Amino acid sequence: MIKPPRAAIFFYDEHSQQFKICNVQRSQVQGLIDRAMPMPVPLEGQNTPNAAITDEDARRLGGMLMLMQGGTNPDLRERFKFATERPMNWESTKRPDED
């Protein structure tokens, strides 16, 4: 039996001060996905079919998810002790690639 497509929901719970993730059937959230602007996540070997997904890809994705949550949780930002390619400007309305 083929399982239906799934979507992972990643969020920061302010009350427990923990990141949480849940896996739901994509059909349950497809309307939200259709109204959102999905952001592609480039992988290191993305130009190669069936390229390996590396440790670095996993680290970058995890960092991106955490930074996205930091955008709306100032208390969380203060806890970030990891390096980013560029310093974060939380007040900026421009995307980093618009410099």
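Notes on the structure follow.

What counts, and at which threshold
- Residues numbered from 1 in each chain as written.
- Predicted model: local features only at pLDDT ≥ 70, side-chain atom pairs only at ≥ 80, totals over all residues.
- Heavy atoms only, no water.
- Salt bridge = Lys/Arg side-chain N within 4 Å of Asp/Glu carboxyl O.
- Helix = DSSP H or I, 4+ residues; strand = E, 2+ residues; numbered from the N terminus.
- Buried < 20%, exposed > 50% of the residue type's maximum accessible area, 1.4 Å probe, protein only.
- Pairing = 2+ DSSP bridges.
- Contact = heavy atoms within 4.5 Å.

1. Some thoughts on the pattern of salt bridges
Here is step 1 of the chain: A complete count under the given rule lists three salt bridges for this structure.
Here is step 2 of the chain: Where E56 meets R59, a salt bridge forms, and the shortest distance between an N and an O atom there is 3.3 Å. With E56 and R59 both in helix α2 (residues 55-70), this residue pair falls three residues apart, about one helical turn.
Here is step 3 of the chain: Here R59 falls in the exposed class, since its relative accessible area comes to 53%.

2. Section: the pairing of strand β1 (residues 6-13)
If a strand is regular, its side chains alternate between the two faces of the sheet.
Here is step 1 of the chain: Taken together, the eight bridges between β1 and strand β2 (residues 18-25) define a ladder with antiparallel strand orientation. Counted as the bridge partner of I9 is C22 from β2.
Here is step 2 of the chain: Between the end of β1 and the start of β2, which pair antiparallel, lie four residues, with Q17 showing a positive phi angle near 55°.

3. Focus: the environment of F80
Here is step 1 of the chain: On the secondary structure map, F80 appears in the segment after α3 (74-77).
Here is step 2 of the chain: With relative accessibility at 15%, the residue F80 sits in the buried group.
Here is step 3 of the chain: Residues F80 and G70, 10 residues apart in the sequence, show an inter-C-alpha distance of 8.6 Å.
Here is step 4 of the chain: Contact partners of F80, with chain neighbours within four places excluded, come to F19, M66, L67, G70 and W90.

4. A short note on the environment of Q30
Here is step 1 of the chain: With respect to the element layout, Q30 can be found in helix α1 (residues 26-35).
Here is step 2 of the chain: Judged by relative accessible area, Q30 falls into the partly exposed class, the value being 28%.
Here is step 3 of the chain: In this structure, the C-alpha to C-alpha distance between Q30 and A7, residues 23 residues apart in sequence, is 9.0 Å.

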